[in-house]
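# Understanding the architecture of this molecule
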Amino acid sequence: MLRKYVWGIVLIIALLIGGYSLFGTNKTAEKMPEKQQTTSETGVTVGKVAPSFTLDSLEGKKTPIGEVGKVYVLNFWASWCPPCREEFPELVAFAHKYQGKVEFQAINLQESEKKVDDFLRQGGYALPVLLDKDGTVAQRYKITAIPTTLVIDGKGIIRYRKSGEVTLAELESVIKGW
């Protein structure tokens, strides 16, 4: 009979310790300052701090992405992709309308400079393009479908991520709240 009480007490103590550690951890995370929380939450999904990177522009200039204080719209694409081609006029309109307020970058995946340049010239598109020649940035951002568009706020937090075509109106609705 004494054994049953001992096991009962052990079980209650174990449950109390488990509950305390579970709820105690959550309360500690809630009390952490915002800066500490976001620093440890780097990732590629909405609400996470976007990883910074540097790629060459179509003109050969090294372009860093991730400077705090800037709002970024990143669009991963390729010229052979029909939905990418479909959304290009909307992206051009957005990039021109918000030039100086938002840093827009069309990130081409693994195509030659000539192929990208030919595509832009044939379509009459004037848009800043970065070249992800080996797909490293796309892998880092876990791009599994193109086009994929991300909007990153001035604190470096991903506020929007969409795989598939995006419109000028969609992008405007995302950044209007800031």
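Small disclaimer: the values here were computed from a predicted structure and weren't measured.

For helix α3 (residues 82-97), built from 16 residues, the straight-helix expectation of 22 Å at 1.5 Å per residue is met to within 8% by its first-to-last C-alpha distance of 24 Å. Of all the bends found along α3, the most pronounced is centred on F88 and spans about 40°, while P89, a proline, follows it within four residues. Where the residues of α3 are buried, they touch β3 (72-77), β4 (103-109), α4 (113-123), β6 (148-152) and α6 (168-176).

Turning to the sheet that holds strand β7 (residues 158-163), a few remarks are in order. Picture the strands of a sheet paired through backbone hydrogen bonds; they go either parallel or antiparallel. Strand order in the open sheet made by the seven strands is β2-β1-β5-β4-β3-β6-β7, with mixed pairing throughout. Bordering the open sheet on either side are β2 (62-65) and β7, each of which pairs with just one other strand. Taken over all neighbouring pairs, the strand axes of this sheet differ in orientation by 30° on average, direction set aside. By the bridge criterion, five bridges tie β3 to β6 in an arrangement that is antiparallel. In the strand pairing of β6, N75 is matched with T149. Packed on one face of the sheet, α3 meets β3, β4 and β6 and runs near 160° to β3. The strands touched by α4 are β3, β4 and β5 (129-132); relative to β5, the strand with the most contacts, the crossing angle is about 150°.

Attention now goes to the confidence of the model for the protein chain. On average, residues of the protein chain score 85 in pLDDT, and 77% of them are at 70 or above. Taken together, the stretch residues 18-40 has pLDDT below 50 and engages in eight contacts with residues farther than four places along the chain or on a different chain.

Moving on: α6. Within α6 the residues assigned to the buried category are L168, L171, E172, V174 and I175. The buried residues of α6 occupy an angular sector of 160° when the element is viewed end-on, so they sit on one face. Opposite the buried face of α6, at more than 90 degrees from it, the exposed residues are A169, S173 and K176. Looking at the packing, one finds that the buried side of α6 touches β3, α3, β6 and β7.

Moving on, we come to the packing of aromatic side chains. Inspection of every chain in the model, using the stated rule, returns nine aromatic pairs. Every member of this aromatic cluster is reached through a ring pair, and the members are W77, F88, F119 and Y125.

Attention now goes to the pairing of β6. Put simply, side chains in a regular strand alternate between the two faces of the sheet. Summarising burial for β6: five of the five residues are buried, a large majority. Along β6, one buried face is formed by T148, L150 and I152 and the opposite face, lined by T149 and V151, is buried too. With antiparallel pairing between neighbouring strands as the criterion, β6 and β7 make up a hairpin whose turn holds five residues, including G156 at a positive phi of roughly 90°.

The rules behind these values
Residues numbered from 1 in each chain as written. Predicted model: local features only at pLDDT ≥ 70, side-chain atom pairs only at ≥ 80, totals over all residues. Heavy atoms only, no water. Helix = DSSP H or I, 4+ residues; strand = E, 2+ residues; numbered from the N terminus. Expected span 1.5 Å × (residues − 1). Bend = angle between axes of the 7 residues up to and from the residue. Contact = heavy atoms within 4.5 Å. Pairing = 2+ DSSP bridges. Axes fitted to C-alpha atoms, helices over the stretch in contact; angles between N-to-C directions. pLDDT = per-residue confidence, 0-100. Buried < 20%, exposed > 50% of the residue type's maximum accessible area, 1.4 Å probe, protein only. Arc of directions from axis to C-beta. Phe/Tyr/Trp six-rings, centres within 6.5 Å; stacked < 30°, edge-to-face > 60°.

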